[in-house]
There are 2 protein chains.
Amino acid sequence: MKKLINQPDDVVRESLEGFAAAFSGMIRLHVDPVYIVRADAPAKGKVGVLSGGGSGHEPMHGGFVGYGMLDAACPGAIFTSPTPDQMQEATRAINGGVGVLHIIKNYTGDIMNFEMAADLARDEGIEVASVIIDDDVAVKDSLYTAGRRGVGTTVLAEKITGAAAQQGRPLAEVADVCQRVNGYGRSMGVALTSCTVPHVGHATFELPEDQMEIGIGIHGEPGRARTALQPADQVTEMLMEPVIADLPFKTGDEVLLFVNGMGGTPLPELHIVYRKALQIATQHGLKVTRSLVGPYMTSLEMAGCSVTLLKLNAELTALWDAPVCTPGMRWGM
Amino acid sequence: MKKLINQPDDVVRESLEGFAAAFSGMIRLHVDPVYIVRADAPAKGKVGVLSGGGSGHEPMHGGFVGYGMLDAACPGAIFTSPTPDQMQEATRAINGGVGVLHIIKNYTGDIMNFEMAADLARDEGIEVASVIIDDDVAVKDSLYTAGRRGVGTTVLAEKITGAAAQQGRPLAEVADVCQRVNGYGRSMGVALTSCTVPHVGHATFELPEDQMEIGIGIHGEPGRARTALQPADQVTEMLMEPVIADLPFKTGDEVLLFVNGMGGTPLPELHIVYRKALQIATQHGLKVTRSLVGPYMTSLEMAGCSVTLLKLNAELTALWDAPVCTPGMRWGM
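Residues numbered from 1 in each chain as written. Chains lettered and ligands numbered in written order. Predicted model: local features only at pLDDT ≥ 70, side-chain atom pairs only at ≥ 80, totals over all residues. Heavy atoms only, no water.

1. Observations regarding the interface of chain A and chain B
Heads up, the rule is: Here, residues are in contact when the closest pair of their heavy atoms is within 4.5 Å. When two parts are brought into contact, each loses some accessible area as probed by a 1.4 Å sphere; the total of that loss over both is the buried area. For this analysis, a polar contact is any N or O atom pair within 3.5 Å, provided that within protein one partner can donate a hydrogen and the other can accept it, and provided that sequence-adjacent residues contribute only side-chain to side-chain pairs. Under the DSSP-based scheme used, a helix requires at least four consecutive residues in state H or I and a strand at least two consecutive residues in state E, with every element numbered from the N terminus. Think of it as three bins: nonpolar holds Ala, Val, Leu, Ile, Met, Phe, Trp, Tyr, Cys and Pro, charged holds Asp, Glu, Lys and Arg, and polar takes everything else, Gly as well.
Each side of the interface is counted separately: chain A has 53 residues, and chain B has 53 residues. Taking both partners together, chain A and chain B bury about 4,400 Å²; carbon and sulfur atoms supply 64% of that area. Taken as a group, A:Lys2, A:Leu4 and A:Arg275 account for 20% of the area that chain A buries against chain B, more than any other trio of residues on that side. Here chain A is connected to chain B by 18 residue pairs in polar contact (both at pLDDT 80 or more). At the level of secondary structure, the elements contributing two or more residues to the side of chain A that touches chain B comprise helix 1 (11–22), helix 6 (232–246), helix 7 (267–283), strand 11 (287–294), strand 12 (304–311) and strand 14 (330–331) of chain A. In the side of chain A that touches chain B, the residues fall into 28 nonpolar, twelve polar and 13 charged.

In structure tokens form, the structure reads like this:
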């Protein structure tokens, strides 16, 4: 295992300390229980937006805490759900008096713990709504998941929902925006290599030099098929066709095209995938009006990518374009 | 070789096409000869800032084209200098009538070609100034380089110099700012793995599973020493001590601390390195007032990082903070 770490058990704590020091103007780190929170939280009269999940997917979620996106994020151990006490305290810390939305990726542990935290917060008199992201068209039911897994749409949902909350909309409306983003977003990924969880010390799975895993999960869960490595254009077709087939799309629809890097894939390769994905979307009559390309939801150093299509309308486009200032996504201010 | 590419010879062209499509609001791609240029170039009355070099280091340089940074960038083949005709035409395309600055990393091929392009542009009546970046303290003279190599300070120089040009300063002053950034910046890197150039098809060098290369160059050039893999804190010391020893620093100086990812290293590891680098800088009496952490100057999928310290003053800090809007760096607008 070749990693720039000290003790495997210290990876999450030490990386969060470095992260918090590097971005001290935007966020601060709360210790015991651990969460990342906006430096100016709570924002009185604003709905708080909370997400979280296992570490190892950076910049998601901690890197998306800041103006116009998340108010707090709870990091678990690598690829492991955070605990209800983290979520409960973070919920309390970002409660500006008008409720808190939990954005939850569809993994069994996350859902159970967020539900427990929501109940505990409600006992304290905090209004809590929850939206589950389950956009991965690759497989139904999977390791760690009943139903579809939550993947790339999570990033888009956190941006767009955070913008709605920043505008001062009430909790029910903020939750509705998030729900619609999930309904309009579809994703699928591919891995060329595995990744190594530090405290495990060896690769999560074996993938021969001439093979790839189509439909991979963000923790290395099995996908649809293990096939021979193909040229990027064919791989992109294998990802885009199921995404487009599954979407509530029609010709002329405006979409956001998101090509996400899994961590170990260089930017030029993501741009090659974007190039072909754009061609395919256009051939299907879709109009790509917004784009995102880069490693936003990673799986440690895994080589691979995912594509996400999100159907847009004027409201969602305006929320996407709204100012955001976080360590991992920043524009308009 | 596991990569999301089609034909190795098409990697640069196809990735630039995808890049230009994804960021069409900020930049456009000129073909034959190839360069990336600000969508609104030339800016009349503004000094143009041009850089370039081999591809494979993305987002540098093309990702730094836009408001407040570069006006154009010339990408070569992977790890290969662009040609004088690219540089000459890009110089012409960004000439707003008050001259163009060339920012050149210290590699023999780049210097020779940029010099030739500058001469050709001057023959056309365009005023051209050049600044060479040579901030790598690891080794003197190297594969491809006489003197020190140009590494991480290049990113900072492009941001700060671009801000000076955006303010409308004259060419001599813009060049002077760039020269001062180079004088105040020092860097050193480490590799845990090699990378694979697509048209070569195998790793550039072999690095056993238990070893690392301290002082690596961004094309895999040999560094100071090949040693046993160490914990991140020790590795960070091995990078920071030579950087601090070499700098024209004194206690109380304000500095920018830049931890750069080589491509294959996950963000949490960069944050672990940042954490220790900050401690070391502080122990040496330096005051870290600005930070940058992430993969800004990569070597394809190489695992590793570099650290850069840049001595700041009020002027350079203000230029660093100035608004920038490029695909790879964006804030303040």
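Once you've had a look at it, read on.
2. What to know about the pairing of strand 1 (residues 27–30) of chain B
Residue and element names in this part refer to chain B. For the record, the criterion: A strand pair is defined by DSSP finding two or more bridges across the two strands.
One ladder, built from four bridges, connects strand 1 with strand 2 (residues 35–38); its direction is antiparallel. Residue pairing for strand 2: Ile27 is matched across the bridge by Arg38. In sequence, strand 1 turns back onto strand 2 through a hairpin of four residues, with Asp32 there showing a positive phi of about 60 degrees.

3. Side note on the sheet that holds strand 11 of chain A
Residues and elements named next belong to chain A. Cut-off, in case you're wondering: Axes, fitted as lines to C-alpha atoms, cover a helix only where it is in contact. Angles between the N-to-C directions of the axes lie from 0 to 180 degrees.
Taken in spatial order, the six strands line up as 9-8-7-12-10-11 in an open sheet, and their pairing is mixed. Of all the strands in the sheet, the pair left with one neighbour each is strand 9 (225–228) and strand 11. Taken pair by pair, the neighbouring strands of this sheet meet at an average axis angle of 20 degrees, ignoring direction. Pairing analysis gives seven bridges linking strand 7 (residues 185–191) to strand 12, with the strands arranged antiparallel. Bridge assignment links Arg186 to a residue of strand 12, and that residue is Leu309. In this fold helix 6 packs onto strand 7, strand 8 (211–214), strand 9, strand 10 (254–261) and strand 12, with an angle of close to 155 degrees to the strand it touches most, strand 7.

4. Some words on a nonpolar patch on the surface
Quick reminder of the rule: What goes into a patch is any residue over 30% in relative accessible area without a salt bridge, connected to like charges within 9 Å or, for nonpolar side chains (Val, Leu, Ile, Met, Phe, Trp, Tyr), within 5 Å. Note that accessible areas follow from Shrake-Rupley with a 1.4 Å probe, and for residues the cover is restricted to the protein chains shown. Salt bridges, as used here, are contacts in which a Lys or Arg side-chain nitrogen is within 4 Å of a carboxyl oxygen on Asp or Glu.
Together, A:Met112, A:Met116 and A:Leu120 make up an exposed nonpolar region whose accessible area comes to about 260 Å². Counting through the fold element by element, A:Met112 comes out in helix 3 (residues 108–123).

5. Focus: the domain arrangement of chain A
Residues and elements named next belong to chain A. Defined as follows: Marked domain ranges trace back to an automatic or database domain assignment.
Domains assigned within chain A are domain 1 (9–184) and domain 2 (185–324 + 327–331). The C-alpha centroid of domain 2 is placed 21 Å from the C-alpha centroid of domain 1. Summed over both partners, the interface of domain 1 with domain 2 comes to about 4,000 Å²; 67% of that surface belongs to carbon and sulfur atoms. Taken together, the connections running from domain 1 to domain 2 amount to three salt bridges. Every element with two or more residues in the side of domain 1 that touches domain 2 is listed here: helix 1, helix 4 (153–166) and helix 5 (171–184). In terms of residue count, helix 4 provides more of the side of domain 1 that touches domain 2 than any other element does, eight residues in total. Of the residues in the side of domain 1 that touches domain 2, the class split is 27 nonpolar, twelve polar and ten charged.

6. Some words on the packing of helix 2 (residues 84–93) of chain B against helix 3 (residues 108–123) of chain B
Residues and elements named next belong to chain B. Keep this limit in mind: Roughly parallel refers to an angle under 35 degrees, roughly antiparallel to one over 145, roughly perpendicular to one between 65 and 115, and oblique to any angle outside these ranges. For any helix crossing, the convention is left-handed if the near helix is rotated counterclockwise from the far helix by under a right angle, and right-handed if that rotation is clockwise.
One can describe the packing of helix 2 onto helix 3 by two numbers: an axis separation of 8 Å at closest approach and a directional angle of 45 degrees. In terms of axis orientation, helix 2 runs oblique to helix 3. By crossing handedness, the relation of helix 2 to helix 3 is classed as right-handed. Counted together, Pro84, Met87, Gln88 and Thr91 of helix 2 and Asp110, Asn113, Phe114, Met116, Ala117, Leu120 and Ala121 of helix 3 form the full contact between these two elements. Partitioned by chemical class, the residues of the contact of helix 2 with helix 3 number seven nonpolar, three polar and one charged.

7. Points about the packing of helix 4 (residues 153–166) of chain B against helix 8 (residues 314–321) of chain B
Residue and element names in this part refer to chain B. Running from N to C, helix 4 and helix 8 point in directions that differ by 90 degrees, and their axes come no closer than 8 Å. Considered as vectors, helix 4 and helix 8 are oriented roughly perpendicular to each other. Facing helix 4, whose interface residues are Leu156, Lys159, Ile160, Ala163 and Ala164, helix 8 presents Leu316, Leu319 and Trp320. Among the residues forming the contact of helix 4 with helix 8, the class breakdown is seven nonpolar, no polar and one charged.

8. Points about the relation of the copies chain A and chain B
This is how it is decided: Overlaid copies result from least-squares superposition on C-alpha atoms, with residues included only where pLDDT is at least 70 in both.
Mapping chain A onto chain B is achieved by rotating through 180 degrees and translating by 0.0 Å along the same axis, at an RMSD of 0.0 Å. The two molecules are tied by a two-fold rotation axis, judged by turn and shift. A shared binding surface is used by both copies, with 100% of the interface residues of chain A retained as interface residues in chain B.

9. Re the packing of aromatic side chains
Residue and element names in this part refer to chain A. Inclusion rule: Stacked, tilted and edge-to-face are the three classes applied to pairs of Phe, Tyr and Trp rings, where Trp contributes its six-membered ring and a pair requires centres within 6.5 Å; stacked means planes under 30 degrees apart, edge-to-face means over 60, and tilted covers the rest. Exposure categories follow from relative accessible area, calculated using a 1.4 Å probe and restricted to protein chains: below 20% of the type maximum is buried, above 50% is exposed, and the middle band is partly exposed.
Counting across every chain of the model gives six aromatic pairs over all chains. Seen in terms of ring centroids, Phe19 and Phe23 are 5.4 Å apart; in terms of plane orientation they differ by 50 degrees. Their pairing is tilted. Among the residues examined, Phe19 registers a relative accessible area of 7% and is labelled buried. Accessibility expressed as a relative area gives 17% for Phe23, which makes it buried. Note on Trp320 and Trp331: the rings are 5.2 Å apart at their centroids and 55 degrees apart in plane angle, and the pair reads as tilted. Of the two residues, Trp320 sits in helix 8 (residues 314–321) while Trp331 sits in strand 14, which places them eleven residues apart along the sequence. Residues Trp320 and Trp331 agree in their burial class; the two are buried.

10. A word on helix 2 of chain B
Every buried residue belonging to helix 2 of chain B is among B:Pro84, B:Gln86, B:Met87, B:Gln88, B:Ala90 and B:Thr91, and all of these are buried. Among the structural elements, strand 2, strand 3 (48–55), strand 4 (72–78), strand 5 (100–105), helix 3 and strand 6 (128–133) of chain B are those in contact with the buried residues of helix 2 of chain B.

11. Things to note about helix 1 (residues 11–22) of chain B
Note the cut-off: To estimate how far a helix should extend, the number of its residues minus one is multiplied by 1.5 Å.
An ideal rise of 1.5 Å per residue puts 16 Å on twelve residues; helix 1 of chain B measures up with 16 Å between its terminal C-alpha atoms. Most of helix 1 of chain B is tucked away, with nine of its twelve residues classed as buried. All of the buried residues along helix 1 of chain B are B:Val11, B:Val12, B:Glu14, B:Ser15, B:Leu16, B:Gly18, B:Phe19, B:Ala20 and B:Ala22. Lining the buried residues of helix 1 of chain B we find helix 7 and strand 11 of chain A together with strand 1, strand 2, strand 3 and strand 4 of chain B.

12. What to know about the side chain of A:His102
Residues and elements named next belong to chain A. Within the secondary structure, His102 sits in strand 5 (residues 100–105). One polar contact links His102 to Thr91, side chain to side chain, over a distance of 2.9 Å. When near neighbours in sequence (up to four residues on either side) are disregarded, His102 contacts Leu50, Thr91, Phe114, Ala118, Val128, Ala129, Ser130 and Val131.

13. A short note on the sheet that holds strand 8 (residues 211–214) of chain B
Residue and element names in this part refer to chain B. In spatial order, the strands read 9-8-7-12-10-11; together these six strands make up an open sheet with mixed pairing. Taken across any chain shown, the strands that pair with only one partner, and hence form the sheet edges, are strand 9 (225–228) and strand 11 (287–294). Here the average twist between neighbouring strands, direction ignored, is 20 degrees. Note that strand 7 (residues 185–191) and strand 8 share two bridges and pair antiparallel. Paired with Val190 across the strands is Ile214, a residue of strand 8. Here helix 5 (residues 171–184) sits on the sheet and contacts strand 7 and strand 12 (304–311); the angle it forms with strand 7, its principal contact strand, is near 55 degrees. Strands strand 7, strand 8, strand 9, strand 10 (254–261) and strand 12 of the sheet are contacted by helix 6 (residues 232–246), whose axis makes an angle of about 155 degrees with strand 7.

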